[in-house]
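Each chain, written out:
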Amino acid sequence: MEHCEANAFIFDPWFGETAEKIHEKLPAVKTFVGMDATIPSFAVEYEKIIEENSPEEPDVEISEEDIQYFNLTSGTTGHPKMYTLTHYNNATGLILMTMLHDLTHDDVILTAFPMFGRVGFGWGLAGLIAGARNVIHQFNVNEILPLINTEKVTISNLVPTMASFILNLEDLEKHDLSSLRALVFAASPLTSDLQKEIKKRICPNIYEYYGLQESAILVNIKPEDKERKPDSVGRVVFGTDVRIVDSEGNDVKTGEVGEIIARSPACTSGYYKNEEKNRQCFKNGWFHTEDLGRFDEEGFLYLSGRVKDMIITGGQNVFALEVEDVIMG
């Protein structure tokens, strides 16, 4: 952070008491912007900037290859890494998100992810593309069900942990969730037992997708396919290539587990000032996810965990995700 070269920094209420420390560490930043009622004294109010902004289009020439977006991701490997997305990366990814989840102007989206992350950002702009109303909500398990009812939400993207919190509510059955046409899941494994409870008690239709923040959606599964292949995260989406390879980079046979590698127009253009990470993840034009998976005979992908989490015992490969699924059951 001490080496940040930006000339503006936006504070979000999630930063809390760290605002003063961030201010001290960024002496070169000229403008700080606050997005909360209790913004620091040294910051400018976001809403005030919007009100005073000129309605004219900026006189700036923009290329589809220009970097539009910086974001941080740590995944399961510790220290955050900053990746970049171009205008082209985001445009292709957002159109795909809209199509894959069958969004229309009749939908009411509940975005429960932070808008500064790629998922929340994605649903916000996917709603604009579809002409759908978007309800922005900082996830609160005690508020989300009344919100779905009053706003007549039709679709929302959650992670399995959020669903678990909702299922543990004592008054779950008292809420009217009939407006929901589907729920979308990603980011962590959706176990078989949890999936059954979600369908039974919250919403019967489930979409699921797989992809890293850096890669966007690589595979996606719709409700009808989820019914017959509940353990799969889907098939490769339009315009994207996905392979399963061994440690030498060779394709494995159908049904065999290997590392998932991909190339996609929505994939990051690289990690910012991190050549070591770029060399590690980009090889011969393919992005290496470090996730393990396998394809079935119909091209549906099944996840098996992380490369670093694979256990070798008695000469056999044991995949942590499969062990976790049994324990959760």
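Everything numeric here is computed off the predicted structure, so don't read it as measured data. Numbering of residues begins from 1 in every chain and follows the order in which that chain's sequence is written. Restriction of local features to residues with pLDDT of at least 70 applies here, the model being predicted, together with a cutoff of 80 or more for giving and counting side-chain atom pairs; totals for whole chains, interfaces and linings are based on all residues. Derived side-chain values reflect all non-hydrogen atoms in the structure, with water molecules and hydrogen atoms excluded from consideration.

On to the confidence of the model for the protein. Mean pLDDT over the protein works out to 86, with 85% of the residues at or above the 70 mark. Taken together, the stretch residues 1–6 has pLDDT below 50 and engages in eight contacts with residues farther than four places along the chain or on a different chain. A residue's pLDDT is simply how confident the predictor is in it, with values from 0 to 100. Contacts were defined at the residue level, with two residues in contact if any of their heavy atoms lie within 4.5 Å.

Position of Thr98 among the secondary structure elements: in helix α3 (residues 87–100). You can call Thr98 buried: its relative accessible area is 8%. Apart from the residues lying within four places of it in its own chain, the contact partners of Thr98 are Leu103, Ala126, Ile129 and Ala130. Secondary structure is summarised from DSSP: a helix means a run of H or I of at least four residues, a strand means a run of E of at least two, and numbering begins at the N terminus for each. Buried, partly exposed and exposed residues are distinguished by accessible area as a fraction of the type maximum, computed with a 1.4 Å probe on protein chains only: under 20%, between the cut-offs, and over 50%, respectively.

What follows concerns the environment of Ile217. Structurally, the position occupied by Ile217 is in the loop between β10 (206–210) and β11 (219–221). Taking relative accessible area as the criterion, Ile217 reaches 7% and is therefore assigned buried. For the pair Ile217 and Leu96, spaced 121 residues apart in the sequence, the C-alpha separation amounts to 8.1 Å.

Another aspect to go through is the packing of aromatic side chains. In this scheme Phe, Tyr and Trp rings, the latter by its six-membered ring, pair at centre separations within 6.5 Å, and the angle between planes marks the pair as stacked below 30 degrees, edge-to-face above 60, and tilted otherwise. In the structure shown here, the tally under the stated rule is four aromatic pairs. For the ring pair Tyr69 and Phe121, a centre distance of 5.0 Å and an interplane angle of 45 degrees mean the geometry is tilted. Here Phe121 lies in helix α4 (residues 118–130) and Tyr69 lies in strand β4 (residues 67–73), a separation of 52 residues in the sequence. Tyr69 sits in the buried class, given a relative accessible area of 8%. Judged by relative accessible area, Phe121 falls into the buried class, the value being 19%. Arranged with centres 5.3 Å apart and planes meeting at 85 degrees, the rings of Phe70 and Tyr272 form a pair that is edge-to-face. Taken as a pair, Phe70 in strand β4 and Tyr272 in the loop between β15 (270–271) and α9 (275–281) lie far apart in primary sequence, 202 residues in all. Note on Phe70: relative accessible area 43%, which makes it partly exposed. Counting as a charge over the ring demands two things of the Lys NZ or Arg CZ atom: a distance within 6 Å of the ring centre and an angle within 35 degrees of the ring normal. Residue placement shows Lys277 over the ring face of Tyr271; its charged tip is 5.8 Å from the ring centre. Here the guanidinium or amino end of Arg294 rests over the ring plane of Tyr302, the centre of that ring lying 4.4 Å away.

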